[in-house]
Amino acid sequence: GSERRSWCCFHRGIACPDVGQEEFDCARRRGNEAELWDPQKQAWCCGHYGRACQTTTAVPVTTSMLYDCHMESSHWSLGQVTWCCAELGLGCTTPMFDCSAGYSNWERGWSDAKKSWCCEEVHRGCPKAHDCAAGYSTWQRGWSATKKTWCCLRHSRGCPEVEHTSAMALHTTEVTTTMAPYDCEAGFLNWEAGWSPQKKSWCCQRVGRACATTRAPYDCGDGYRTWESSWSVAKKIWCCQNGGFNCEGTRTTTTAGAPITPVMACDLNCFGDGAEAVKLYGSLGEGDGAAVRGLSLEQCRESCQGTTDCEGILYTNGTAAKPMRQSMCFGKKNFHISKCQPGERGIVTEVLKTMPSGQCAIVGDPHVITWDRVFGQALLQTDPGDHWLVKSTALMIMGRFGFTDRFTNASSATGVAVTGPMIHGHRLVVEYVGPAQGHEGFEATWDGQPILATFPSSLTSPDGALRARFDYMNPSDFHREGRHTIGGIEGNLPSYLFEIEPDLSIYVLTGPDNCNIVITTRKIQGGQEGYCGNFNCNPDDDLLEQLQAKGLAGPVPLNESVFPEPPKAPRAIGAVLYGGPAED
């Protein structure tokens, strides 16, 4: 097309118009055209092809120019930025992602947003292409919905509205070409100015791209009752993104309906272990890179709400400084906030259904890494006594802190106690009681009865609520700081693991006379407080001063403790709280 010839002439000096057909030959030479060409030729080539323009002269925009470099630049594509910067020195900026950094491990190391952006803009990190010739004779029954969408958008194959003609032709004549008359991906960044009317019409009718806003390519009310079986893939995608449908068969309203309120909104990038991918209808790409483009945030929420497995979204449209050409909406489920990555450039994660999982770690002397401070500074509490880790109406977890042989002036965690309606009123207690050092000096009880008295051992409670194990385990499998202070740098160490129905896991690494504790559970309905934080994705309100203001920073008297008895550890100090000195 003319836009491709213009681009090749601009950038490569080839496919330029013949001199006999044009007044001047404007093909690229040595880059000093402004010095060698006469003023008349300079003016003509500048006006028609943006070549040899003086930097002080505004370049008139004509129908032959690839881009209008004098328009407002906040929504330029990367192609327009690159061309205008190279040719006219206008709009020069930095791409949103560095698509060379980490490319050797892009499949596992890149975020879903980076994969989609780099695939669209520089064709790196793209999901594997489909072979649109393989199985074409039985595409209606044999191709997956993903393959139909991919081949329809790129090669106009597998589009139900138009393929019946080609399928009938297979019975009477040999089909020798697999390419559509127009490539609806090529030049799409500049389709409004760069595509011919014929290409716009063809791509709009066949794949729902480049459609004028004054005329919808599809009537989303026509055939709605049988949309799943009667609509083409292209029509489903278009009506999903533009027609007010949530792609699950329920008509929604994005303006008059009640807004969707997220359970949590986090400045995090949740992909991989942080959240499983859910493919929303209309998504392009696979796995973590599957995204619906061009939706508003509210439309993205509605798309997730209408998808059975979707529990939340990852949404990005860049920032004011570096906007994206199109927003990207990713469906997600099984959120584990502690395994997400820090957010970047306008990326937001929203949990819309269920409660997300998270982790709180109590390590060292002791440092508390809260639900919301995965990457921030830990809280520090060095006073001995029983302290609230999690305080709620459904679940109560308390940590016991005391002095040890190694840390004689600053306490460490020596035990943990758990109870509450969430675990059906059971009580779990694990603590160092001495006098032996290491795992032999620890004791575990379930509802007051000793459990896991030998090493190694395991058990399941009669009601199935508890599965417990006392064995060698790798602390790093449970938290990145699981080895802090007492775990060395590698290898398996004596540890407890308690898995309590429905959604609570407690890992305890046994040290000489102290322990590290990792709590994994879901956000609690109705709210929670304590040293582990309130689990709201706001690290700034997990501060010691705020706990002090709520009366939750200091130790708890024994008559209010989840621990049923005073500490037994040889160095336990708590005479004021517990009514007398510990045994020596």
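Residue indices follow the written sequence of each chain, beginning from 1 at its first position. Totals for whole chains, interfaces and linings use every residue, but because this is a predicted model, local features are given only for residues with pLDDT of at least 70 and side-chain atom pairs only at 80 or more, for both listing and counting. Side-chain calculation: all heavy atoms of the structure are included, whereas hydrogens and water are not.

Draft legend 1. Structural detail: the overall build of the protein chain. Of the regular secondary structure elements, the protein chain holds 16 helices and 22 strands. Taking all 584 residues of the protein chain together, 49% fall into the buried category. Within the protein chain, contacts between residues separated by at least 24 positions form 52% of all contacts whose residues are at least 6 apart in sequence. For helices the rule is a DSSP run of H or I covering at least 4 residues; for strands it is a run of E covering at least 2, with both sets numbered from the N terminus onward. For the exposure calls, accessible area comes from a 1.4 Å probe over protein chains only, and a residue counts as buried if that area is under 20% of its type's maximum, exposed if over 50%, partly exposed in between. Contacts are assigned to residue pairs with any non-hydrogen atoms lying within 4.5 Å of each other.

Draft legend 2. Structural context of the sheet that holds strand β20 (residues 493-500). Any two strands with at least two DSSP bridges between them are considered paired. Strands sit in the order β11-β10-β9-β22-β21-β20-β19-β18 across an open sheet of eight strands; the sheet is antiparallel. Across the chains shown, the open sheet's two edge strands, defined by having one partner strand only, are β11 (379-380) and β18 (457-460). Note that strand β10 (residues 367-369) and β11 share two bridges and pair antiparallel. Across the sheet, the residue bridging to V368 is L379, located in β11.

Draft legend 3. Spotlight on the pairing of strand β15 (residues 427-432). With respect to burial, β15 is a largely interior element, five of its six residues being buried. Judged from the five bridges that link them, strand β14 (residues 412-419) and β15 form a sheet pairing that is antiparallel. By the bridge assignment for β15, V416 is matched with V430. The sheet contact formed by β15 and strand β16 (residues 442-446) spans five bridges and is antiparallel.

Draft legend 4. Highlighting the state of the cysteines. In what follows, a disulfide is any cysteine sulfur pair within 2.5 Å. With the rule as written, the count across this model stands at five disulfides. Bridging C266 to C537, the disulfide has an S-S length of 1.9 Å. The disulfide joining C266 to C537 has a torsion of about 90° about its S-S bond and is therefore right-handed. Of this pair, C266 sits in strand β1 (residues 264-266) while C537 sits in the loop between β22 (515-522) and α15 (544-549), and the two are 271 residues apart along the sequence. Here C537 falls in the buried class, since its relative accessible area comes to 16%. Across a sulfur-sulfur distance of 2.0 Å, C300 and C329 are joined as a disulfide pair. As the torsion about the S-S bond is roughly 80°, the C300-C329 disulfide counts as right-handed. One end of the pair, C300, is in helix α14 (residues 297-305); the other, C329, is in strand β6 (residues 323-333), with 29 residues separating them in the sequence. Since its relative accessible area comes to 0%, C329 is described here as buried.

Draft legend 5. Up close: the confidence of the model for the protein chain. pLDDT gives the predictor's per-residue confidence on a scale running from 0 to 100. The share of residues in the protein chain with pLDDT of 70 or more is 62%, and the mean pLDDT across the chain is 75. Below a pLDDT of 50 lies the segment residues 55-64, which in the model reaches 14 contacts outside its immediate sequence neighbourhood of four places, other chains included. This stretch, residues 574-584, has a pLDDT under 50; its non-local contacts, to residues over four places away or in other chains, come to 18 contacts.

Draft legend 6. Spatial organisation of the environment of E431. With respect to the helices and strands, E431 occurs in strand β15. Sequence separation of E431 and F442 is eleven residues, and the distance between their C-alpha atoms is 5.6 Å. Setting aside its immediate chain neighbours within four residues, E431 contacts R400, T414, G415, G441, F442, E443, F563 and P567. In protein, a polar contact means a hydrogen-donor-capable atom and an acceptor-capable atom, both N or O and within 3.5 Å, with residues adjacent in sequence counting only if both atoms are side-chain atoms; elsewhere, any N or O pair within 3.5 Å suffices. At 3.1 Å, the side chain of E431 and the side chain of R400 are in polar contact.

Draft legend 7. Structural view of the nonpolar core. Core analysis: the biggest nonpolar cluster contains 60 residues, and I362, I397, V418, Y496, F498, L504 and I519 have the highest contact counts within it. With near-sequence residues (within four places) excluded, I362 lies in contact with H367, V368, L389, F401, A413, C515, N516, I517, I519 and C532. Nonpolar cores were defined as sets of buried Ala, Val, Leu, Ile, Met, Phe, Trp, Tyr and Cys residues, with membership established by side-chain atoms within 4.5 Å.

Draft legend 8. Here's a closer look at the environment of D477. Within the element layout of this structure, D477 appears in the loop between β19 (466-473) and β20. When the C-alpha positions of D477 and N492 are compared, they lie 9.9 Å apart, and in sequence the two are 15 residues distant.

Draft legend 9. A look at the packing of aromatic side chains. Between 30 and 60 degrees the pair is tilted, below 30 it is stacked and above 60 it is edge-to-face, where a pair is any two Phe, Tyr or Trp rings, Trp via its six-membered ring, whose centres lie within 6.5 Å. Evaluated as defined, the whole model comprises seven aromatic pairs. Centre to centre, the rings of W371 and F535 are 5.2 Å apart; their planes meet at 10°, and the pair counts as stacked. Residue W371 is found in the loop between β10 and β11, and its partner F535 is found in the loop between β22 and α15; the two are separated by 164 residues along the sequence. The same class applies to W371 as to F535, namely buried. Geometrically, the ring pair formed by F455 and Y472 is edge-to-face, given 5.1 Å between the ring centres and 80° between the ring planes. Of the two residues, F455 sits in the loop between β17 (449-451) and β18 while Y472 sits in strand β19, which places them 17 residues apart along the sequence. Residue F455 is classed as partly exposed on the basis of its relative accessible area of 25%. Accessibility expressed as a relative area gives 46% for Y472, which makes it partly exposed. In textbook terms, an aromatic cluster arises when at least three aromatic residues are bridged by ring pairs, as seen for F455, F470, Y472, Y496 and F498.

Draft legend 10. Geometry of the pattern of salt bridges. Just to be clear on terms, a salt bridge is a Lys or Arg side-chain nitrogen sitting within 4 Å of an Asp or Glu carboxyl oxygen. Going through the model one piece at a time under the given rule, you end up with eleven salt bridges. A salt bridge links R301 to E298; the nearest nitrogen and oxygen atoms lie 3.1 Å apart. With R301 and E298 both in helix α14 and three residues apart, the pair spans about one turn of that helix. The residues R301 and E298 share a single accessibility class, namely buried. With its nearest N and O atoms 2.9 Å apart, the salt bridge here joins E529 to K550. Taken as a pair, E529 in the loop between β22 and α15 and K550 in the loop between α15 and α16 (575-578) lie far apart in primary sequence, 21 residues in all. Residue classification places E529 among the partly exposed residues on the basis of a relative accessible area of 26%. On the basis of relative accessibility, which here comes to 43%, the residue K550 falls in the partly exposed class. Through salt bridges with shared partners, a single ionic network connects E298, R301 and E350.

Draft legend 11. Examining the side chain of S457 more closely. When you line up the elements, S457 lands in strand β18. You can call S457 buried: its relative accessible area is 17%. Within the structure, S457 has its side chain in polar contact with the backbone oxygen of T454 (distance 2.7 Å). In contact with S457, other than residues within four places in its own chain, are L452, R469 and F470.

Draft legend 12. The arrangement of the pairing of β18 in detail. Where β18 lies against β19, four bridges are found, and the strand directions are antiparallel. When the sheet's bridge partners are listed, S458 is paired in β19 with R469. In this structure, the hairpin formed by β18 and β19 is closed by a connection of five residues, where G464 is found at a positive phi of approximately 75°.

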